[in-house]
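Results of the structural survey
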Amino acid sequence: RMKAHSDNALQLARYLEAHAAVSRVYYPGLESHPQHELACRQQSGHSGVLSFDVKGGQATAWKLIDSTRLVSITANLGDTKTTITHPATTTHGRLTEEERAEAGIGDGLVRIAVGLEDIEDIQADLDRGLG
């Protein structure tokens, strides 16, 4: 099961990296990730969790999250179903703005725990909000 999560996450990360509405993707399986080579030496897969920054900040992030129909809105990370959350207002909501900035948690950051659904269905669901 973990191989399927990782494979789907890598495909989604590559897709998002090329998307015009996305400014940056954080996933160690991407060649553009600063620790990609280290991750490849230490891991056989790169997990099913990725984050990305959308252009337009919190309003765009919330629009994306609210537009999903297949992807579940929750901060849960361990499911066979794809989940999505806005860390600045959920998992990291108790931090000050300065603490979130120091941790790299901006208002446009979205986190996805990629599930086992067909990757094209996940991409189509995200496209509804990304435009």
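Model, not experiment: these values are computed from the prediction.

**Section: the pattern of salt bridges**
This model, assessed by the stated rule, comprises 2 salt bridges. Where D7 meets K3, a salt bridge forms, and the shortest distance between an N and an O atom there is 2.9 Å. Linking D7 with K3, this pair stays in helix α1 (residues 2–17), spanning 4 residues, or about one helical turn. The salt bridge involving R128 is made with D125; its shortest N-O contact spans 2.6 Å. Here the residue R128 and the residue D125 both occupy positions in helix α5 (residues 119–130), the gap between them amounting to 3 residues, near one helical turn. Using a relative accessible area of 45% as the deciding quantity, one classes R128 as partly exposed. Judged by its relative accessible area of 1%, D125 falls in the buried class.

**With respect to a negative patch on the surface**
Together, E97, E98, E99, E102 and D107 line one region of the surface with negative charge. Mapped onto the elements of the fold, D107 is located in the loop between α4 (97–103) and β5 (109–113).

**Topic: α1**
Taking 1.5 Å per residue as the helical rise, α1 with its 16 residues ought to reach 22 Å, and the 22 Å between its terminal C-alpha atoms agrees with that figure. Buried residues of α1: H5, S6, N8, A9, L10, L12, A13 and L16, and no others. In this structure, the buried side of α1 is in contact with β1 (22–26), β2 (49–54), β5 and α5.

**Some remarks on the environment of H5**
Its location among the elements puts H5 in helix α1. Along the backbone, H5 and T82 are 77 residues apart, and their C-alpha atoms lie at a distance of 9.3 Å. Beyond its immediate chain neighbours, meaning those up to four positions away, H5 contacts S47, G48, D79, T80, V114, G115 and L116.

**A word on the packing of α1 against α5**
It is the contact of α1 with α5, at a shortest axis distance of 10 Å, that shows an interaxial angle of 35 degrees. With respect to the hand of their crossing, α1 and α5 are arranged in right-handed fashion. On α5, the residues touching N8, Q11, L12, Y15 and L16 of α1 are I119, I122, Q123, L126, D127 and L130. Looking at the contact of α1 with α5 residue by residue, the class counts come to 7 nonpolar, 3 polar and 1 charged.

**As for the sheet that holds β1**
On the basis of which strands lie adjacent, the open sheet formed by 5 strands has the order β1-β2-β5-β4-β3 and mixed pairing. Because the sheet does not close on itself, it has two edges, and the strands there are β1 and β3 (72–73). Across 2 bridges, the pairing between β3 and strand β4 (residues 83–85) is parallel. Pairing of S72 across the sheet is with T83, part of β4. Here helix α3 (residues 57–67) sits on the sheet in contact with β2, β3, β4 and β5, set at roughly 130 degrees to β2.

**As for the environment of G131**
Structurally, G131 can be placed in the segment after α5. The spacing of G131 and L64 is 67 residues in sequence and 8.7 Å in space, taken between C-alpha atoms.

**Description of the pairing of β2**
Counting buried positions over the 6 residues of β2 gives 5, a clear majority of the element. In this sheet, β2 lies alongside β1 in antiparallel orientation, the contact comprising 4 bridges. Its bridge partner being in β2, Y26 is matched across the sheet by S51. Bridge count between β2 and β5: 5 bridges; the pairing is antiparallel.

What counts, and where the lines are drawn
- Residues numbered from 1 in each chain as written.
- Predicted model: local features only at pLDDT ≥ 70, side-chain atom pairs only at ≥ 80, totals over all residues.
- Heavy atoms only, no water.
- Salt bridge = Lys/Arg side-chain N within 4 Å of Asp/Glu carboxyl O.
- Helix = DSSP H or I, 4+ residues; strand = E, 2+ residues; numbered from the N terminus.
- Buried < 20%, exposed > 50% of the residue type's maximum accessible area, 1.4 Å probe, protein only.
- Patch = residues over 30% accessible without salt bridge, like charges linked within 9 Å, V, L, I, M, F, W, Y side chains within 5 Å.
- Areas by Shrake-Rupley, 256 points an atom, 1.4 Å probe, with all protein chains shown as cover.
- Lys, Arg positive; Asp, Glu negative; His and termini not counted.
- Charge placed at Lys NZ, Arg CZ, Asp CG, Glu CD.
- Expected span 1.5 Å × (residues − 1).
- Contact = heavy atoms within 4.5 Å.
- Axes fitted to C-alpha atoms, helices over the stretch in contact; angles between N-to-C directions.
- Left-handed = near helix turned anticlockwise from the far one by under 90°.
- Nonpolar A, V, L, I, M, F, W, Y, C, P; charged D, E, K, R; others polar.
- Pairing = 2+ DSSP bridges.

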